[in-house]
Amino acid sequence: MKTTQQTAPKLLGARSAPYLLAVALATPQAQAVEFSGYLRSGVGGADTGGTQQCFQLPGAQSKYRLGNECEQYIELDLRQDLFRLDDGSVISVEGMAQLYNQYGHTPKFTGDYGFARMNQMYAEWSNMPALGGGSLWAGRRFYKRNDIHITDFYYWNQSATGFGIDEMKIGDLKYSYVFSRKDSYFQEPYINRHDFNVGGFQVNPGGELEVGVSYIDKPDSTDANSGWAVTAQHKQQDFLGGVNTVALQYGRGPGTGLGYTGDPTLDRSNRSWRLVEFFDFQMTPRLGGQVQLVYQKDKRPDGVDQNWLSVGGRTSYAFTEQFKLVGEIGRDQVEAPGGTRKLTKFTIAPTWSPAGPGFWERPEIRLYYTYASWNRAAQQAANLLADGSALSENGAFGSARNGSNFGVQVEYWWK
């Protein structure tokens with residue numbers, strides 16, 4: 001799991017959290033606090049000595065994760081129902097703390113190599129009869145986060161600081177709307193964004209279609225533009241023993257961010273489209289995995305066109321109820337000015353899985369070995385765009401165009 005980093009909310013501030021907690025604890029109708037979270041932690045090294053290095057191709061929006069994560073990361077989430085009303089609706093508050101620290105540095109979760117922040121803090125009025133069982137919410141929230149697990153690629157993600165209507169049911173369809181000002185910690189400047197989704201189209205047996213439109217207002221800053229994006233996603237259940245997901249996305253101007261708010265200096269002559277397909281399978285109780293294909297094409301009038309292709313997969317086979325062998329291979333390729341960049345990464349990981357043999361069972365405690373190779377174009381791009389990173393000549397592997405890591409990692413999520 002990976003999170004979208006958010007900023008302080010306008011509608012539900014940190015100062016109100018102690019008050020809301022006090023109300024929750026004092027309210028007779030309130031239910032027990034729900035505690036959920038996510039943790040990954042470990043230690044690793046490179047074959048050249050020193051701290052583990054992570055392999056990501058410049059221009060690729062994700063990397064294959066197994067044995068290729070270089071941080072301590074924690075999410076701790078609390079949700080409290082404050083009131084249950086006579087009509088069956090519920091008023092709740094939820095908050096999540098996020099802690100991050102890079103490998104090779106003391107885990108202080110602050111300073112140049114780490115951080116600690118509240119990445120969710122919102123109020124929700126859910127199960128409202130007037131909305132057909134839908135919800136009203138306001139604050140900073142993870143929302144409609146569609147991702148590919150093995151690369152942590154959130155290709156369609158409407159997390160935001162704002163407010164919205166969630167899945168108002170009319171007939172067989174579910175309607176959602178979000179108004180937001182900021183969808184990422186790194187987004188500058190604040191921009192008004194509108195997301196409208198309709199889900200529940202039963203287009204074939206076991207198959208459901210959801211469509212969405214994003215409109216991004218023109219901000220007040222100089223040389224800024226408005227933009228838009230559309231997404232259509234089909235999810236097929238019971239496909240070859242698993243679930244298959246296909247998404248098509250298209251955007252113009254700042255809408256070229258597709259799942260996010262893109263660069264507001266881009267006008268509508270700038271276009272991007274993307275195809276995403278991934279397949280989750282658990283063919284037997286012991287054999288499971290996920291495979292993916294992503295292709296994105298960016299057209300830019302200034303000549304900086306780019307095509308990104310990513311193909312790979314992870315599979316696990318359990319030899320016993322608690323011991324798996326997990327393997328992952330991924331290939332990223334970016335066609336851009338300066339040549340076609342290429343990166344191939346492979347990982348093998350003997351894994352202890354105390355919760356059972358399934359692919360999604362956690363916790364997992366893994367020993368891993370990772371090997372990666374890349375071409376000269378990738379190295380040159382890293383020299384310019386990510387100097388000091390694993391692929392650059394000033395990185396841990398120097399002028400070599402291959403390298404390996406080894407280490408141990410625990411990953412756990414709970415609810």
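These lines cover the structure that appears in this document, whether it is placed above or below. (Residues numbered from 1 in each chain as written. Predicted model: local features only at pLDDT ≥ 70, side-chain atom pairs only at ≥ 80, totals over all residues. Heavy atoms only, no water.)

## Points about the side chain of Arg341
Then, number 1: Here Arg341 shows up in strand S18 (residues 339-352).
Then, number 2: Buried charge without a partner: Arg341 forms no salt bridge, and the closest opposite charge is Asp298, 9.5 Å away.
Then, number 3: Of note is the side chain of Arg341, whose polar atom sits 2.9 Å from the backbone oxygen of Pro58. (Helix = DSSP H or I, 4+ residues; strand = E, 2+ residues; numbered from the N terminus. Buried < 20%, exposed > 50% of the residue type's maximum accessible area, 1.4 Å probe, protein only. Lys, Arg positive; Asp, Glu negative; His and termini not counted. Salt bridge = Lys/Arg side-chain N within 4 Å of Asp/Glu carboxyl O. Polar contact = N/O pair within 3.5 Å; in protein donor to acceptor, adjacent residues only side chain to side chain.)

## Remarks on the packing of aromatic side chains
Then, number 1: Inspection of every chain in the model, using the stated rule, returns 23 aromatic pairs.
Then, number 2: Ring pairing ties together the aromatic residues Tyr38, Tyr73, Phe359, Trp360 and Trp413, which thus form one cluster.
Then, number 3: Directly above the ring of Phe115 sits Arg117, whose terminal nitrogen or CZ lies 3.9 Å from the centroid.
Then, number 4: The ring of Phe142 has Arg145 lying over it, and the distance from NZ or CZ to the ring centre is 3.8 Å. (Phe/Tyr/Trp six-rings, centres within 6.5 Å; stacked < 30°, edge-to-face > 60°. Lys NZ or Arg CZ within 6 Å of the ring centre and 35° of its normal.)

## Focus on unusual backbone geometry
Then, number 1: Cis peptide bonds are those with omega within 30 degrees of zero, and the linkage from Arg362 to Pro363 qualifies with 15 degrees.
Then, number 2: Residue placement: Pro363 occurs in the loop between S18 and strand S19 (364-374).

## Quick notes on the nonpolar core
Then, number 1: Phe55, Leu57, Ile148, Tyr155, Val276, Trp374 and Leu391 are the most contacted members of the largest nonpolar core, which totals 25 residues.
Then, number 2: Counting residues per element, this core draws most heavily on strand S7 (residues 153-157), at three residues.
Then, number 3: Each residue touching Tyr155, except ones within four places of it in the same chain, is listed here: Asn146, Asp147, Ile148, Gln233, Thr245, Ala247, Gln249, Gly259, Arg274, Val276 and Phe278.
Then, number 4: By size, the runner-up hydrophobic cluster in this structure holds six residues, among which are Leu66, Val326, Ala349 and Tyr368. (Core = buried A, V, L, I, M, F, W, Y, C linked by side-chain atoms within 4.5 Å. Contact = heavy atoms within 4.5 Å.)

## Some points on the state of the cysteines
Then, number 1: Taken as a whole and judged by the stated rule, the model has one disulfide.
Then, number 2: The side chain of Cys54 participates in a disulfide bridge whose partner is Cys70; the two sulfur atoms lie 2.1 Å from each other. One quick way to see it: the torsion about the S-S bond of Cys54 and Cys70 is about 110 degrees, and its sign makes the bridge right-handed. Remark: Cys70 occurs in the loop between strand S1 (34-46) and strand S2 (71-84) and Cys54 occurs in the loop between S1 and S2; sequence separation between them is 16 residues.
Then, number 3: You can call Cys70 buried: its relative accessible area is 13%. (Disulfide = S-S within 2.5 Å.)

## Quick word on the pairing of strand S13 (residues 242-252)
Then, number 1: Where strand S12 (residues 227-239) lies against S13, 10 bridges are found, and the strand directions are antiparallel. Residue Gln236 lies in a different strand from S13, and its bridge partner there is Asn244.
Then, number 2: Where S13 and strand S14 (residues 271-282) come together, 11 bridges link them in antiparallel fashion. When the bridges of S14 are listed, Gln249 appears paired with Arg274. (Pairing = 2+ DSSP bridges.)

None of the figures reported here should be taken as evidence of function without further support.
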